[in-house]
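# Structural features, examined
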Amino acid sequence: MYDLDELLAFDHVMRSGSLTRSARALDLAKSTLSRRISQLERQLGQALLRRQSNRLLPTEAGQLFHAYCRQILELAEQGQQALEELSEEISGELQVATHNALARSWLATRLTLFMDRHPGIRLTLQTCTTPPLCADSQALTVWLGEVDGSEQRQEPLGWLSRGLYGHPDYFARRGKPRHPRELTQHAWIDLLGETEQGLTLTHSRQGEFRFQPPDSRFRVDQQMLHGDAIAQGHGLGVMPDWMAGARERAHPGTLVRCLPEWSAPPMPVTLLYPYGSRPRRLSALIAFLRQETPAEWMSNPEAAIATSGMSRSTTVAHHATQRCPLSS
């Protein structure tokens, strides 16, 4: 039985004569497209394409097989359309992988709502410390941060503004920094290892300030534990404002944002999913998560920087500061 993705890859390259153009049109990595054609050739036991100058030309076997390839693809498309017309129900198995910081704080409740709307869906949610990178993975991944080396399609779902936070008791003991240069006088919390290469803080009028935090003796792989260390008064650290706001609502008086006019680089929330055609249930989930993105997640990094320290994060700092008034 032929793989439809391999047939689609071969058909498109036959019509374009170029791996690069076909990969762009199919929204695939060039290496993935080449691999699919190679797999089809191995299954057939025949070379289908040959390179001449800057073009890919069909071999005799490729010319012959392409006619049958088109018939198979047309029948498959007709069958898919017939099935979609037969039933409007979105059903079947879905696998979702996510960064642990997003599971309880947002994603789990959204997935429950999605299943309520589509009773035929069966869903598995798995938290992981590294995102799936293989092009063959059929899981939808919702990740916190950038993803390097992935063979899947990446889409920024939103951007989280970030700032510096500490516990009111810590500021009562050590005072609040008035400028980033004073951060060297404070204990630093970087259990995730994100700032060991340095941290650039941005101010709308004063520009950028580069800060080299001290190394952390203790490391964790969960954003929740990192936030716990900051909220327990062990020192200052960088947190997404949206997550700090959620923690402050659950545990009032545990976080204060300091240097509110200075922002750390925003962090993307990234969707990863397979290139090419997708099951209807997966497309429906992707569309649903786009609609359910919190308003606090900015649509681009510049917006996240511009609004950092405002809206919800300002409310967190304001309420916490009123509980423990300190000079700013």
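Residues numbered from 1 in each chain as written. Predicted model: local features only at pLDDT ≥ 70, side-chain atom pairs only at ≥ 80, totals over all residues. Heavy atoms only, no water.

### Here we look at the overall build of the protein chain
Each helix and strand counted, the protein chain has 11 helices and 11 strands in total. Taking all 328 residues of the protein chain together, 48% fall into the buried category. Taking contacts inside the protein chain between residues at least 6 apart in sequence as the whole, the part at least 24 apart equals 74%. Carbon and sulfur atoms make up 49% of the accessible area of the protein chain, which totals about 17200 Å². (Helix = DSSP H or I, 4+ residues; strand = E, 2+ residues; numbered from the N terminus. Buried < 20%, exposed > 50% of the residue type's maximum accessible area, 1.4 Å probe, protein only. Contact = heavy atoms within 4.5 Å. Areas by Shrake-Rupley, 256 points an atom, 1.4 Å probe, with all protein chains shown as cover.)

### Some thoughts on the packing of helix 2 (residues 19–26) against helix 3 (residues 30–44)
Two elements in contact, helix 2 and helix 3, have axes whose closest approach is 9 Å; the angle formed by their N-to-C orientations is 105°. Taken together, the axes of helix 2 and helix 3 are roughly perpendicular relative to one another. Contacts between helix 2 and helix 3 involve Leu-19, Thr-20, Ser-22, Ala-23 and Leu-26 on the former and, on the latter, Lys-30, Leu-33, Ser-34 and Ile-37. Taken together, the residues of the contact of helix 2 with helix 3 break down into five nonpolar, three polar and one charged. (Axes fitted to C-alpha atoms, helices over the stretch in contact; angles between N-to-C directions. Parallel < 35°, antiparallel > 145°, perpendicular 65-115°, else oblique. Nonpolar A, V, L, I, M, F, W, Y, C, P; charged D, E, K, R; others polar.)

### Details of the side chain of Arg-257
With respect to the helices and strands, Arg-257 occurs in strand 10 (residues 256–258). A distance of 3.1 Å separates the side chain of Arg-257 from the side chain of Asp-241, its partner in a polar contact. (Polar contact = N/O pair within 3.5 Å; in protein donor to acceptor, adjacent residues only side chain to side chain.)

### A closer look at the confidence of the model for the protein chain
Of all residues in the protein chain, 89% attain a pLDDT of 70 or more, and the chain-wide mean is 85. Helix 11 (residues 311–323) is the least confidently modelled element of the protein chain, averaging 35 in pLDDT, while strand 10 averages 95, the highest of any element. The low-confidence segment residues 309–328 (pLDDT under 50) makes 37 contacts with residues lying over four places distant or belonging to another chain. (pLDDT = per-residue confidence, 0-100.)

### Some thoughts on the nonpolar core
Counting 29 residues, the largest nonpolar core has Leu-285 and Leu-289 as the members making the most contacts within it. Elements that contribute at least two residues to this core include exactly strand 3 (92–99), helix 5 (100–117), strand 4 (121–128), strand 5 (140–144), strand 6 (153–166), helix 8 (241–250), strand 11 (262–273) and helix 9 (280–291). In contact with Leu-285, other than residues within four places in its own chain, are Leu-94, Val-96, Leu-111, Phe-114 and Leu-140. Counting residues in hydrophobic clusters, the runner-up holds 19 residues, among them Leu-26, Ile-37, Leu-40 and Leu-49. (Core = buried A, V, L, I, M, F, W, Y, C linked by side-chain atoms within 4.5 Å.)

### Considerations on the packing of aromatic side chains
Scanning the entire structure with this criterion turns up seven aromatic pairs. Arranged with centres 5.4 Å apart and planes meeting at 50°, the rings of Phe-114 and Phe-288 form a pair that is tilted. Of the two residues, Phe-114 is situated in helix 5 and Phe-288 in helix 9; the sequence distance between them amounts to 174 residues. Judged by relative accessible area, which is 1%, Phe-114 ranks as buried. Geometrically, the ring pair formed by Trp-242 and Trp-297 is edge-to-face, given 5.1 Å between the ring centres and 85° between the ring planes. Of this pair, Trp-242 sits in helix 8 while Trp-297 sits in the loop between helix 9 and helix 10 (301–307); the two residues are 55 residues apart in sequence, bridging distant segments of the chain. Both residues of the pair, Trp-242 and Trp-297, belong to the buried class. The rings of Tyr-2, Phe-10 and Phe-65 are connected pair by pair, giving a single aromatic cluster. Geometry around Phe-171 places Lys-176 over its ring, the cationic atom sitting 5.7 Å from the centre. (Phe/Tyr/Trp six-rings, centres within 6.5 Å; stacked < 30°, edge-to-face > 60°. Lys NZ or Arg CZ within 6 Å of the ring centre and 35° of its normal.)

### With respect to helix 8
In terms of burial, helix 8 is largely enclosed, as seven of its 10 residues are buried. Residues Asp-241, Trp-242, Met-243, Ala-244, Gly-245, Arg-247 and Glu-248 constitute the buried set of helix 8.

### Remarks on the pairing of strand 4
With eight bridges joining them, strand 3 and strand 4 adopt parallel strand pairing. Directly across from Ala-97, in strand 4, lies its bridge partner Gln-126. This β-α-β element, strand 3 to helix 5 to strand 4, shows right-handed connectivity. (Pairing = 2+ DSSP bridges. Right-handed = clockwise from strand over helix to strand, strands pointing away.)

### Thoughts on the environment of Pro-168
Residue placement: Pro-168 occurs in helix 6 (residues 168–174). Judged by relative accessible area, which is 4%, Pro-168 ranks as buried. Placed 63 residues apart in sequence, Pro-168 and Ala-231 show a C-alpha to C-alpha distance of 8.8 Å.

### Considerations on the pattern of salt bridges
For the coordinates displayed, the defined rule picks out 12 salt bridges. Between Glu-93 and Arg-122 there is a salt bridge, with its nearest N and O atoms 2.8 Å apart. Taken together, the positions of Glu-93 in strand 3 and Arg-122 in strand 4 put the pair 29 residues apart, joining distant regions of the chain. Exposure remark for Glu-93: the relative accessible area of 46% places this residue in the partly exposed category. (Salt bridge = Lys/Arg side-chain N within 4 Å of Asp/Glu carboxyl O.)

### Topic: the side chain of His-186
Assignment of secondary structure puts His-186 in the loop between helix 6 and strand 7 (199–203). Within the local environment of His-186, its side chain forms a polar contact with the side chain of Tyr-170, the two groups lying 2.8 Å apart. Filtering out sequence-adjacent residues up to four positions away, His-186 remains in contact with Tyr-170, Arg-174, Gly-175, Pro-177 and Leu-236.

### Looking at unusual backbone geometry
Within the chain, Asp-27 stands out as a residue other than glycine whose phi angle is a positive 60°. Along the chain, Asp-27 falls in the loop between helix 2 and helix 3. Look at Leu-259: it is not a glycine, yet its phi comes out positive at around 45°. Relative to the helices and strands, Leu-259 resides in the loop between strand 10 and strand 11.

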